[in-house]
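Below are the chains, spelled out letter by letter.
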Amino acid sequence: FFPVAIQSTRGALTRMPGGYRLLLCACVTAAVSGHGASVVPAAQFPRPIGLFALDGKYPNGTLATLPPFVQGLYVRLQWRWLQPTASGPYNWTLLDEALDHAKAAGQQLQIGISPGADTPLWVYDAGAKSFSEVWDAPFGRPKCSRVKLPVPWDPIYLKLWSTFVRALAARYDRDPTVVGVKVCGINSDTMEQFLPSRNITDCTPVANPNAQWAALGYTPQKIVDTWDTLVAVYRAAFNQTTLVLMTGGHPFPGVDDQGRLTPDLDMNMTTRLLFRFIDTLGTEVGGLQSNGMSASWFWEFPPGLPPGTHVGCQALWAATGDPQCRMKKPHTPEPPCPPVPIMNQTLARAVRDNMSYFEVYTADILNPDLAGELEKYSRRFNPPL
């Protein structure tokens, strides 16, 4: 990333009620000038401010007409969709449609392209090494199914992903509608930077990801070196774009630099990657994004952010139509789940924590009962002081 935003106290992982509160983002915000323009000074890069619709689609899959109090759209796409074959052309159709849709509405666009579990299979056919993840998330794929992930430090994977990043930048780096591009490369089934590390005991056979990582040659230093490589690739590709790091405070595998299993998971790796990112790129432009904002719970940024740090967040879930009430109390659902007071509390928390933007699920954006609350709070998101 280059223009970047930071977060957190160096090397510190703060223990708070309910768990560790650490934030690191793998999100990239892309700002640009025009075709053929020289590099824009950092202070001129546009940044996301206000409410953004997450995916921004109607239930039938078409892009939604967003209300005027929504400042933009965040579109999430998979690498395998945009580059389905090794030798064929890139398929930019979905991304171009989202960009044209945002332009027509006078709104901004943030872009997220995920490798990890969404890496095309031809990457492995080309020789990239893989990790077999046991899927235990309550969405996306059948529970206990196996999913391939690229080994982050594998040179074939890094070369192919870097080539894609350069192609993405060549097409969208200079479009002023684009104000956010999530940065990925060390990730699993989301765009946050983390790798599977927790044992999965309710699947057969029991999954022990740490032993698998150790067998693949994992060490913390390899992750740090890979991160340095990815940062350099993004910086060279997006020379008119602000980049932002996004996380949810997940742990990394419990393996030491000698490749030995450790009794505890690595809760400090995200902090290491964050500060390497910050120390290398500076804090003039960009932002830090936290995923998981709800009415009662949030991965809070640790103290010590430099003045002017641009921070944003993403809703944990949709408040509309969720019988498990995850936006009310994520870990211990307590019906009933009235969307209006739940969203009011969540928005108030985001504003109180000085978020400059908030990514909200489209089901909430399009819920007429929430329009008043969303419009009221949309005017209260501001650039960092």
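Conventions adopted
- Residues numbered from 1 in each chain as written.
- Predicted model: local features only at pLDDT ≥ 70, side-chain atom pairs only at ≥ 80, totals over all residues.
- Heavy atoms only, no water.
- 1 Å grid on protein atoms, 1.4 Å probe; cavity = no way out; pocket = protein on both sides within 12 Å on 5 of 7 lines; lining within 4 Å.
- Points joined across faces, edges and corners; volume = space filled by probe spheres on them.
- Nonpolar A, V, L, I, M, F, W, Y, C, P; charged D, E, K, R; others polar.
- Core = buried A, V, L, I, M, F, W, Y, C linked by side-chain atoms within 4.5 Å.
- Buried < 20%, exposed > 50% of the residue type's maximum accessible area, 1.4 Å probe, protein only.
- Helix = DSSP H or I, 4+ residues; strand = E, 2+ residues; numbered from the N terminus.
- Contact = heavy atoms within 4.5 Å.
- Salt bridge = Lys/Arg side-chain N within 4 Å of Asp/Glu carboxyl O.
- Polar contact = N/O pair within 3.5 Å; in protein donor to acceptor, adjacent residues only side chain to side chain.
- Disulfide = S-S within 2.5 Å.
- Axes fitted to C-alpha atoms, helices over the stretch in contact; angles between N-to-C directions.
- Parallel < 35°, antiparallel > 145°, perpendicular 65-115°, else oblique.
- Left-handed = near helix turned anticlockwise from the far one by under 90°.
- Pairing = 2+ DSSP bridges.

Draft legend 1. Quick peek at the layout of surface pockets. For the second largest pocket, the calculated volume is near 420 Å³. Every residue lining the second largest pocket is counted, 19 residues in all, and those nearest its centre are Thr-309, Val-311, Asp-353, Asn-354 and Met-355. Tallied by class, residues from the lining of the second largest pocket come to 11 nonpolar, 5 polar and 3 charged.

Draft legend 2. A look at empty space enclosed by the protein. For the structure on display, the rule yields 1 cavity of 30 Å³ or more. Approximately 40 Å³ is the volume attributed to the largest cavity. Lining the largest cavity we find Pro-115, Gly-116, Pro-150, Pro-152, Tyr-157, Gly-185, Ile-186, Asn-187 and Leu-195. The class makeup of the residues in the lining of the largest cavity is 6 nonpolar, 3 polar and no charged.

Draft legend 3. Seen up close, the nonpolar core. Formed by 94 residues in total, the largest nonpolar core has its most connected members in Ile-113, Trp-161 and Phe-358. With 9 residues, helix 4 (residues 155-172) is the single largest residue contributor to this core. In this structure, Phe-358 is in contact with Gly-50, Leu-51, Phe-52, Met-293, Cys-313, Gln-314, Ala-315, Thr-346, Leu-347, Ala-350 and Phe-381, ignoring residues within four places of it in sequence.

Draft legend 4. Examining the pattern of salt bridges more closely. Going through the model one piece at a time under the given rule, you end up with 9 salt bridges. As a salt-bridge pair, Glu-373 and Lys-376 come within 3.4 Å of each other at their nearest N and O atoms. Note that Glu-373 and Lys-376 are positioned in helix 10 (residues 371-378) at a spacing of 3 residues, about one turn of the helix. Judged by relative accessible area, which is 35%, Lys-376 ranks as partly exposed.

Draft legend 5. Here's a closer look at the environment of Asp-256. Position of Asp-256 among the secondary structure elements: in the loop between strand 9 (244-247) and helix 7 (269-281). Given the relative accessible area of 18%, Asp-256 is considered buried. A C-alpha to C-alpha distance of 8.9 Å links Asp-256 and Gln-221, two positions 35 residues apart in sequence. With near-sequence residues (within four places) excluded, Asp-256 lies in contact with Tyr-218, Thr-219, Pro-220 and Thr-262. Within polar-contact distance, the side chain of Asp-256 engages the backbone nitrogen of Gln-258 at 2.9 Å.

Draft legend 6. Molecular detail of unusual backbone geometry. Cis geometry is adopted by the peptide bond preceding Pro-205, which originates at Thr-204 and carries an omega value of -5°. Here Pro-205 is to be found in the loop between strand 8 (178-182) and helix 5 (209-215). Even without being glycine, Asp-55 reaches a positive phi, approximately 80°.

Draft legend 7. Quick peek at the state of the cysteines. Within the structure shown, the criterion is met by 2 disulfides. The disulfide that involves Cys-144 links it to Cys-203, with 2.0 Å between the sulfurs. The disulfide joining Cys-144 to Cys-203 has a torsion of about -85° about its S-S bond and is therefore left-handed. Note that Cys-144 is positioned in the loop between strand 6 (130-134) and strand 7 (146-150) and Cys-203 in the loop between strand 8 and helix 5, a separation of 59 residues in sequence. When its relative accessible area of 30% is taken as the criterion, Cys-144 is described as partly exposed.

Draft legend 8. Broad picture of the packing of helix 4 against helix 6 (residues 220-237). Following both chains from N to C, one finds helix 4 and helix 6 inclined at 25°, their axes separated by 9 Å at the closest point. Here helix 4 is positioned roughly parallel relative to helix 6, judged by the angle of their axes. Helix 6 is crossed by helix 4, and the crossing has right-handed handedness. Of the residues in helix 6, those in contact with Leu-158, Trp-161, Ser-162, Val-165, Arg-166 and Ala-169 of helix 4 are Thr-226, Leu-230, Val-233, Tyr-234 and Ala-237. Each residue belonging to the contact of helix 4 with helix 6 can be placed in one class, and the counts come to 8 nonpolar, 2 polar and 1 charged.

Draft legend 9. Expanded view of the pairing of strand 8. Most of strand 8 sits inside the fold, with 5 of its 5 residues counted as buried. Relative to strand 8, strand 5 (residues 108-114) is paired through 4 bridges, and the arrangement is parallel. Bridging across to strand 8, Gly-112 finds its partner in Lys-182.

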